[in-house]
Amino acid sequence: MTILRRKSSNCLWFVLAIAFASVANGFSLQQLASRRMQLCKTKHATTTNVLSAAAVIEDSTAATRYDDQLGPMASALTKIGMMSFITSMCIALPVTLFPLWALYKMKLLSRVKKEQYALKVGQFCSRWLMRLIPFCNVKVTAPPLESSPEPSIWACNHVSALDIFILLANDLKARGKKKRPIKIVYWKQLEDNPVTKLLFTQCGFIPVEMTANAAGESNDYDMKSFKLLLKEAKKAFTEGFDVGILPEGQLNPTPEQGLLPCFSGAFTLAKMSKRPIRFMALQGTHRLWHATQGMNCTGRNMQVRVYDEGRKYKTADEFLATFEAVVGEFGTHGQEVKNLSAWLDGSHWKQLQQQKTEEERAVKQKEEIKTAIGAADETSSND
């Protein structure tokens, strides 16, 4: 009986500790999002949440309905589940990452090994906590797993503060067991949250500094940080890592309307390292944690799409056009762009360029004809 009482008492204290941590860590993790929301309040005061009522996406065995309209009870339960997941991550990450940090400080573990193991720990915690706390449904669509993945640069859209955890949890399904470890480029100010800082710095992710802004506003980057980005990316390539980058540069406040204007940083890294660029796309994560509306849970279903082998793009314009067409269509509507294979292999871009060249040639010919006719009229009038 004494043992049972002790166990009951321990369980009670554990539940109370989790409840307290949920409140404390909930406020901590929403700190950066709250700043952006405050900046956006006046700008987005009249914005309404207009999302598609139901998007039907076919699964391999059955059709799954992606419905944004969760009822009040379902929305509340989903939010509780998401907060429980976040709280659990806030507890699990420090506990599991501390031994690696200690071994590194004692010089029993190299920096590269520490970063590789820390990434695996982050993926493990995200994956298993999402299984234990199933607050969302994630469908992963990926090509057949490669036996020897080519070193690559990964470009993905960005719609929610949950994106990093969704990607970590589903990396085995998305990129496979034999994938190379990855370093993700992130906004330096995310380190204001101690748990996020712990995960990102232990994994060796690459920071970029910029002025704090509202979601959807133009980014004001610190140009000195770009030199550090190129230096760290080059070092990551040498040490056997892939690099992940978000071309939009920030959270997208209106993912249902398409991508934000994208930057060509991925192309610059690819050109420097002579590596191909591969695409990933996220769809639906904003229904759980919106860039401007916060944890306003309207849906539980989301998708991760990984595309076939990457390509070395010849120009930044070609990369941006392909990314916006392929990832933009999937991130917005949850479906593939028309002529997907032609976009991915570059033939569609060549066709567009040929059409553009022909149109420019036709315009030029018309101008030459007008000039010739004008010159002939002027000559005849002089005669």
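Residues numbered from 1 in each chain as written. Predicted model: local features only at pLDDT ≥ 70, side-chain atom pairs only at ≥ 80, totals over all residues. Heavy atoms only, no water.

A.B. asks: Got a sec to walk through the packing of helix H3 (residues 72-105) against helix H7 (residues 194-203)? Specific residues and values, please.
C.D. replies: Here H3 crosses H7 at 40°, and the two axes come no closer than 10 Å. In this structure, H3 meets H7 at a crossing whose hand is left-handed. Taken together, the residues of H7 that come into contact with H3 (itself represented by Met89, Cys90, Leu93, Pro94, Leu97 and Trp101) are Val195, Leu198, Leu199 and Gln202. When its residues are assigned to classes, the contact of H3 with H7 shows nine nonpolar, one polar and no charged. (Axes fitted to C-alpha atoms, helices over the stretch in contact; angles between N-to-C directions. Helix = DSSP H or I, 4+ residues; strand = E, 2+ residues; numbered from the N terminus. Left-handed = near helix turned anticlockwise from the far one by under 90°. Contact = heavy atoms within 4.5 Å. Nonpolar A, V, L, I, M, F, W, Y, C, P; charged D, E, K, R; others polar.)

A.B. asks: Please set out the pattern of salt bridges residue by residue, giving values where relevant.
C.D. replies: Applying the stated criterion to the full structure yields 13 salt bridges. Glutamate 115 is the salt-bridge partner of arginine 111, the closest N and O atoms lying 3.3 Å from each other. In this pair, arginine 111 and glutamate 115 both sit in helix H4 (residues 111-132), four residues apart, roughly one turn of the helix. As a salt-bridge pair, lysine 188 and glutamate 191 come within 3.2 Å of each other at their nearest N and O atoms. For lysine 188, a relative accessible area of 32% puts it in the partly exposed group. (Salt bridge = Lys/Arg side-chain N within 4 Å of Asp/Glu carboxyl O. Buried < 20%, exposed > 50% of the residue type's maximum accessible area, 1.4 Å probe, protein only.)

A.B. asks: Account for a nonpolar patch on the surface, with residues named and values stated.
C.D. replies: Residues Met73, Leu77 and Ile80 make up a contiguous nonpolar surface patch of roughly 340 Å² in combined accessible area. With respect to the helices and strands, the residue isoleucine 80 is situated in helix H3. (Patch = residues over 30% accessible without salt bridge, like charges linked within 9 Å, V, L, I, M, F, W, Y side chains within 5 Å. Areas by Shrake-Rupley, 256 points an atom, 1.4 Å probe, with all protein chains shown as cover.)

A.B. asks: Let's hear about the packing of H3 against H4: which residues, and what values?
C.D. replies: H4 packs onto H3 with a crossing angle of 160° between their chain directions and a minimal axis gap of 10 Å. Classified by the interaxial angle, the pair formed by H3 and H4 is roughly antiparallel. For H3 against H4, the interelement crossing comes out right-handed. Touching Phe85, Ser88, Met89, Ala92, Leu93, Thr96, Leu97, Leu100 and Tyr104 of H3 are Arg111, Lys114, Tyr117, Ala118, Val121, Gly122, Cys125, Ser126, Leu129 and Met130, all from H4. Here the contact of H3 with H4 is built from residues that sort into 13 nonpolar, four polar and two charged. (Parallel < 35°, antiparallel > 145°, perpendicular 65-115°, else oblique.)

A.B. asks: Tell me about the packing of aromatic side chains, and please be specific about residues and values.
C.D. replies: Going through the model one piece at a time under the given rule, you end up with eleven aromatic pairs. With a centroid separation of 6.0 Å and an interplanar angle of 85°, the aromatic rings of phenylalanine 85 and phenylalanine 165 are classed as edge-to-face. Placement of phenylalanine 85 in helix H3 and of phenylalanine 165 in helix H5 (residues 163-169) is noted, with a sequence separation of 80 residues between them. Take phenylalanine 85 and phenylalanine 165: they sit in the same class, and that class is buried. Centre to centre, the rings of tyrosine 313 and phenylalanine 319 are 5.8 Å apart; their planes meet at 70°, and the pair counts as edge-to-face. (Phe/Tyr/Trp six-rings, centres within 6.5 Å; stacked < 30°, edge-to-face > 60°.)

A.B. asks: Can you tell me about the confidence of the model for the protein, naming the residues and giving the values?
C.D. replies: Close reading of the predicted structure is inappropriate where its pLDDT is low. For the protein, mean pLDDT is 82; residues scoring 70 or higher make up 78% of the total. For the protein, per-element mean pLDDT is lowest for strand E1 (residues 54-58), which scores 34, and highest for strand E4 (residues 153-156), which scores 97. In the model, residues 1-34 has pLDDT below 50 throughout and makes 23 contacts with residues more than four positions away in sequence or in other chains. When the criterion is pLDDT under 50, residues 39-67 qualifies, and its contacts beyond four places in sequence or with other chains add up to 48 contacts. (pLDDT = per-residue confidence, 0-100.)

A.B. asks: So what's going on with helix H10 (residues 316-333)? Which residues, and what values?
C.D. replies: Over its 18 residues, H10 runs 25 Å from end to end, which matches the ideal 26 Å to within 8%, given 1.5 Å per residue. Along its length, H10 shows its largest kink, about 30°, at valine 327. Those residues of H10 that sit buried are Glu318, Phe319, Leu320, Thr322, Phe323, Ala325, Val326, Val327, Gly328, Phe330, Gly331 and Thr332. Backbone geometry just after H10 places glycine 334 at a positive phi near 75°. (Expected span 1.5 Å × (residues − 1). Bend = angle between axes of the 7 residues up to and from the residue.)

A.B. asks: Outline the side chain of asparagine 252, listing residues and values.
C.D. replies: Here asparagine 252 shows up in the loop between strand E7 (242-245) and helix H9 (265-273). Residue classification places asparagine 252 among the buried residues on the basis of a relative accessible area of 1%. A polar contact is formed between the side chain of asparagine 252 and the backbone nitrogen of threonine 254, at a distance of 2.9 Å. Beyond its immediate chain neighbours, meaning those up to four positions away, asparagine 252 contacts His158, Val159, Gly258, Leu259, Leu260 and Ala291. (Polar contact = N/O pair within 3.5 Å; in protein donor to acceptor, adjacent residues only side chain to side chain.)

A.B. asks: Give a description of the pairing of E7 that names residues and reports values.
C.D. replies: Along any regular strand, the residues point their side chains to alternate faces of the sheet. Here E7 shows no split at all, with Asp242 and Gly244 on one side and Val243 and Ile245 on the other all buried. Bridge count between E4 and E7: three bridges; the pairing is parallel. Paired with alanine 155 across the bridge in E7 is isoleucine 245. With three bridges connecting them, strand E5 (residues 182-187) and E7 associate as parallel partners. Of the residues in E7, the one forming a bridge with isoleucine 184 is glycine 244. (Pairing = 2+ DSSP bridges.)

A.B. asks: Describe unusual backbone geometry, and please don't skip the residues or the numbers.
C.D. replies: Non-glycine residue lysine 107 carries a positive phi angle of around 60°. Turning to its location among the elements, lysine 107 is positioned in the loop between H3 and H4. Since its relative accessible area comes to 76%, lysine 107 is described here as exposed. The backbone phi angle of asparagine 339 is positive, close to 60°, even though this residue is not glycine. Along the polypeptide, asparagine 339 turns up in the loop between H10 and helix H11 (340-345).

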